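Here is how the chains run, residue by residue.
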Amino acid sequence: MSLREGASAVLSAPVTEALTRLAQKQWGPERHRQPVAMLGPGDGGPAECEAAYAVAHALAGAGMAVVCGGRGGVMAAASRGAVEAGGIAVGILPEEDDRNANEWLSVAIPTGMGEMRNGIIARSGVCLIAIGGNMGTLSEMAMGLKWGKPVFVMHGDVELPGAVQATDVDDMLGKVLGCLLG
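Residues numbered from 1 in each chain as written. Predicted model: local features only at pLDDT ≥ 70, side-chain atom pairs only at ≥ 80, totals over all residues. Heavy atoms only, no water.

Caption draft 1: Representation of a nonpolar patch on the surface. Where nonpolar side chains cluster on the molecular surface, the patch consists of Ile-88, Val-107 and Ile-109 and spans about 220 Å² of accessible area. Relative to the assigned elements, Val-107 resides in strand S4 (residues 107-110). (Patch = residues over 30% accessible without salt bridge, like charges linked within 9 Å, V, L, I, M, F, W, Y side chains within 5 Å. Areas by Shrake-Rupley, 256 points an atom, 1.4 Å probe, with all protein chains shown as cover. Salt bridge = Lys/Arg side-chain N within 4 Å of Asp/Glu carboxyl O. Helix = DSSP H or I, 4+ residues; strand = E, 2+ residues; numbered from the N terminus.)

The structure is reproduced here in structure tokens:
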């Protein structure tokens with residue numbers, strides 16, 4: 001399955017209905033002004049990247065902005081999914097310039113902070129969606145959990161207490177939408 005096909009994955013009726021409700025909410029005064037944070041490795045494989053694309057595409061299509069680390073792999077897939085759905089993808093980069101930013105970002109924010117920028121990503125999201133795992137992803141998840149943010153994970157390498165596990169794109173979206181609409 002290509003990244004583009006990932007966006008057209010068959011979603012259950014409850015998830016489709018919840019996406020419609022989220023889109024309606026995002027047009028009103030009670031909208032989420034904070035983005036969802038998409039976390040994952042820069043060297044994510046096809047399964048992780050396809051899932052990140054599909055999740056970001058669905059959420060951005062319903063009016064949610066996406067924030068991520070702004071580089072390759074899962075971050076690029078999420079950025080592409082968000083932008084191709086007509087949404088906004090913000091990248092919080094570790095470098096002092098945007099030379100390594102992925103091409104799909106709507107906004108690139110060079111921090112010059114190295115991996116310390118993970119804290120900005122974790123703090124920025126209304127919830128954190130981790131697809132795949134590496135040490136950087138784990139650090140973002142741990143900070144999010146410490147700060148009381150909802151953290152959802154799929155294809156993770158390590159289970160963190162408090163993180164909500166999802167089995168596939170539909171399950172992930174159902175859980176994230178429950179949080180965003182709750």
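Caption draft 2: Expanded view of the pairing of strand S1 (residues 36-39). Residues Val-36 and Met-38 of S1 are buried on one face, and the alternating residues Ala-37 and Leu-39, pointing to the opposite face, are buried as well. Where the polypeptide runs from S1 across helix H3 (residues 46-61) and back to strand S2 (residues 66-68), its parallel neighbour, the crossover connection is right-handed. In this structure, S1 lies alongside strand S5 (residues 128-131), joined through 3 bridges in parallel fashion. Bridge pairing in S5 places Met-38 opposite Ile-129. (Buried < 20%, exposed > 50% of the residue type's maximum accessible area, 1.4 Å probe, protein only. Right-handed = clockwise from strand over helix to strand, strands pointing away. Pairing = 2+ DSSP bridges.)

Caption draft 3: Highlighting the environment of Val-83. Along the chain, the position of Val-83 falls in helix H4 (residues 74-84). Sequence separation of Val-83 and Ala-65 is 18 residues, and the distance between their C-alpha atoms is 9.3 Å. Setting aside chain neighbours within four positions, we find Val-83 in contact with Ala-89, Trp-104 and Ser-106. (Contact = heavy atoms within 4.5 Å.)

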